[in-house]
Amino acid sequence: MNAPPKIFPPIDRPDATNLDTLSIDPKRKFEVCNDLLDDHDALEAFYEKNGYLFFRNVLDPDSVKEAREAMLAVAADEFGLVEKGDETAKWTGKAYPPGSEEKPCFSGISKRLVSYPRNQEVLAKILGEEPSMVPIVQYRLYPPNGPVTMVHQDGFYSPGIHDYKPLWIPLTPCPREVGGLTIAVGQNHKGYFHNLGKGGNFPIPDDVIDPDSWATVDFEPGDLLVVHPYSPHAGLPNTSDRLRVTFDTRVQSARNPTTFAATVNSVTSDSITLTSEDENVGTVTLSVDPSTYIRVRDPGQKEKFEEFADVTKPGMDLCVVREGDRAAMLRMGSRP
Ligand SMILES: O=C(O)CCC(=O)C(=O)O
Ligand SMILES: [Fe+2]
C-alpha cells in the first residue's frame with residue numbers, strides 16, 4: 001500500500017550539495033482533510049497523491065491537555081526549559097540536550113493520549129482498521145534557535161515496516177515562528193531521495209525536490225498531521241520565544257503488528273527469541289541474517305551481524321520489526 005509504484009535507482013552522488021533545512025521556505029499550506037475521515041477510499045487517494053493528511057481539531061481536547069501538561073512538567077522538572085506551571089511554554093534559555101527525545105522521563109505520555117476512545121476512533125478511520133501504535137516515539141521540546149530536523153523520509157530509516165502511518169502531534173500552539181513541520185507535497189512517488197554516496201544520515205541533495213512543493217500551516221493543539229513514509233519532511237526553525245512541544249509516533253494494524261516491543265529471552269548466532277506483552281505477538285523466534293538492521297545498543301549505531309549474539313543480551317527491551325519469521329530490524333526499545 002505504501003510502496004511506490006515504480007522502482008527508482010538509489011541516489012549515489014558523493015559530490016552533491018546537501019539540502020539544508022534552513023533553505024526551505026514553504027509557500028504552500030496543507031489542505032484540511034477532516035471531511036475525508038468518513039470516506040476511507042477518498043482518504044487513501046488523497047494520502048497517496050499528496051503524501052500527507054492534515055486534520056484540524058480532531059484529537060480529544062482532554063487528551064491533548066493531559067499530554068501538554070505532562071510534557072511541560074518534564075520540560076520544567078527534567079530540563080529547566082520552562083518555569084513550572086507556565087502554560088505559554090516561554091523558554092528559560094536552557095538547552096534541550098541532543099538525543100533527549102526518547103528519555104524515560106516521557107514514558108507513557110503518548111500511550112495515554114492515543115488510548116482515549118475518541119482518538120482511537122479517529123486513528124481507526126485514518127488506518128481503515130483497528131489501530132495499534134508502533135512503539136517508537138520521539139518527544140520534542142525544541143527551544144528557539146535549534147535544533148531543526150534534517151530533511152528526511154521516514155521509510156528510508158525503517159526497512160521492513162510496512163503499512164504504517166507516521167503521526168505528528170502538536171501540543172501547544174505552533175504558528176510558523178514556533179517552527180512546525182514542513183512536507184514536500186506530492187514528492188512521495190519517486191522512491192528515496194537519500195544520497196547513498198554520503199555517509200552518516202545519507203543527507204538528501206539540494207536539487208532533487210521541487211522547491212515549490214513545501215507546505216506547512218499554523219498548527220494548533222488538537223490538530224494531527226499524518227506523514228507518508230515516502231514524503232520528504234523537516235522541522236522548521238523556531239524563531240519565537242517559546243518551546244515547540246510536539247511528539248511523533250506511528251500507527252499500524254492491531255491485527256497484524258509488524259513492529260512491537262519485546263524482551264529478549266535468548267539468542268543464537270542467527271536467531272532471537274523474544275516475548276511481547278502484545279497478545280497478538282506472544283513469544284516468537286525470528287531468524288536474524290546479514291540484512292537484519294541491528295541497532296540494539298544505540299538507535300544511531302548499526303551493529304555487525306557477526307557480533308549480533310555478543311551485543312544482544314537476554315533481558316534487553318527491544319523494538320522489533322518482523323517480516324514473516326525473519327527479524328527485519330532489532331532496535332533499542334523506545335519509551336512510548
Ligand atoms: O518534529 C520534527 O522536527 C520532526 C518530526 C518527524 O520527523 C516525524 O514526525 O517523522
Ligand atoms: Fe520523520
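Residues numbered from 1 in each chain as written. Chains lettered and ligands numbered in written order. Predicted model: local features only at pLDDT ≥ 70, side-chain atom pairs only at ≥ 80, totals over all residues. Heavy atoms only, no water.

Student: Is there a simple way to explain the overall build of the chain in this structure?
Tutor: Tallying secondary structure elements over the chain gives 5 helices and 15 strands in all. Against the compact-globule benchmark of 20 Å for 336 residues, the chain has a radius of gyration of 20 Å, which places it among compact chains. Considering only C-alpha atoms, the chain reaches an extent of 50 × 45 × 45 Å along its principal axes. The burial tally for the chain puts 54% of its 336 residues in the buried class. Across the chain, every contact between residues at least 6 apart in sequence was considered, and the portion connecting residues at least 24 apart equals 77%. Total accessible area on the chain stands at roughly 14900 Å², and carbon and sulfur atoms take up 50% of it. (Helix = DSSP H or I, 4+ residues; strand = E, 2+ residues; numbered from the N terminus. Rg over C-alpha atoms; globule rule 2.2 N^0.38 Å. Buried < 20%, exposed > 50% of the residue type's maximum accessible area, 1.4 Å probe, protein only. Contact = heavy atoms within 4.5 Å. Areas by Shrake-Rupley, 256 points an atom, 1.4 Å probe, with all protein chains shown as cover.)

Student: Could you clarify how one ought to interpret the side chain of Arg 331 in this entry?
Tutor: By the secondary structure assignment, Arg 331 is in strand β15 (residues 326-332). A polar contact of 2.9 Å, which involves the side chain of Arg 331, links it to the side chain of Glu 102. Dropping the residues within four chain positions of it, Arg 331 is found in contact with Glu 102, Ile 136, Gln 138, Arg 295, Val 296, Pro 299, Leu 318 and Cys 319. (Polar contact = N/O pair within 3.5 Å; in protein donor to acceptor, adjacent residues only side chain to side chain.)

Student: What am I meant to see in the domain arrangement of the chain here?
Tutor: Many analyses report the size of an interface as the accessible area lost when the parts associate. On domain assignment, one finds that the chain holds domain 1 (21-253) and domain 2 (259-332). Taking the mean C-alpha position of each, domain 1 and domain 2 sit 27 Å from one another. When domain 1 packs against domain 2, the two sides together hide about 850 Å² of surface, and 57% of this comes from carbon and sulfur. In this assembly, domain 1 and domain 2 are joined by 1 salt bridge. A salt bridge links Arg 331 to Glu 102; the nearest nitrogen and oxygen atoms lie 2.9 Å apart. Element by element, the count of residues in the side of domain 1 that touches domain 2 is highest for strand β3 (residues 131-142), at 4 residues. Considered class by class, the residues forming the side of domain 1 that touches domain 2 number 6 nonpolar, 4 polar and 1 charged. (Domains from an automatic or database assignment. Buried area = accessible area lost by both parts, 1.4 Å probe. Salt bridge = Lys/Arg side-chain N within 4 Å of Asp/Glu carboxyl O. Nonpolar A, V, L, I, M, F, W, Y, C, P; charged D, E, K, R; others polar.)

Student: Looking at this structure, how should I read the site of ligand 1?
Tutor: The immediate surroundings of ligand 1 are formed by Arg 140, Thr 149, His 152, Asp 154, Trp 168, Leu 181, His 233, Gly 235, Arg 244 and Asp 248. At 2.9 Å, a side-chain N or O of Asp 154 approaches an oxygen atom of ligand 1. Arg 244 is positioned with one of its side-chain polar atoms (N or O) 2.7 Å from an oxygen atom of ligand 1. Protein chains bury 96% of the 290 Å² of accessible surface belonging to ligand 1 in isolation. Looking at side-chain class alone, the shell around ligand 1 contains 2 nonpolar, 4 polar and 4 charged residues. (Near = heavy atom within 4 Å.)

Student: Quick question: what am I supposed to make of the sheet that holds strand β6 (residues 214-216) here?
Tutor: In a beta sheet, neighbouring strands are held together by backbone hydrogen bonds and run either parallel or antiparallel to one another. Pairing in this open sheet of 4 strands is mixed, and the strands run β1-β6-β5-β8 from one edge to the other. The open sheet has two edge strands, β1 (28-29) and β8 (233-235), and neither has a second partner. (Pairing = 2+ DSSP bridges.)

Student: I would appreciate a short explanation of the packing of helix α1 (residues 40-50) against helix α4 (residues 117-127) in the present structure.
Tutor: Two packed helices can be described by the angle between their axes and the distance between those axes. For the pair α1 and α4, the least separation of the axes is 8 Å and the interaxial angle reads 70 degrees. Viewed along their axes, α1 and α4 adopt a mutual orientation that is roughly perpendicular. Counted together, His 40, Leu 43 and Glu 44 of α1 and Lys 125, Ile 126 and Leu 127 of α4 form the full contact between these two elements. When its residues are assigned to classes, the contact of α1 with α4 shows 3 nonpolar, 1 polar and 2 charged. (Axes fitted to C-alpha atoms, helices over the stretch in contact; angles between N-to-C directions. Parallel < 35°, antiparallel > 145°, perpendicular 65-115°, else oblique.)

Student: Please explain helix α2 (residues 61-77) as it appears in this structure.
Tutor: Side chains of residues three or four places apart in an α-helix project in the same direction, reflecting 3.6 residues per turn. Here α2 is 17 residues long and its end C-alpha atoms lie 24 Å apart, about the 24 Å a rise of 1.5 Å per residue gives. Residues Ser 63, Val 64, Ala 67, Arg 68, Met 71, Leu 72, Val 74, Ala 75 and Ala 76 constitute the buried set of α2. Contacts from the buried residues of α2 go to α3 (109-115), α4, β3 and β9 (244-253). Two or three places before Asp 62, at the start of α2, stands the capping residue Asp 60, its side-chain oxygen 2.8 Å from that residue's backbone nitrogen. (Expected span 1.5 Å × (residues − 1).)

Student: Explain the pairing of β15 here, please?
Tutor: A regular strand places its side chains on the two faces of the sheet in alternate fashion. With respect to burial, β15 is a largely interior element, 5 of its 7 residues being buried. Note: strand β13 (residues 293-295) against β15, 3 bridges, orientation parallel. The residue bridging Arg 295 from the neighbouring strand is Arg 331, located in β15. Pairing of strand β14 (residues 317-323) with β15, which is carried by 6 bridges, proceeds in the antiparallel orientation. Note that in β15 the partner of Cys 319 across the bridge is Arg 331. The antiparallel pairing of β14 with β15 creates a hairpin that spans 2 residues between the two strands, and Gly 324 there sits at a positive phi of about 65 degrees.

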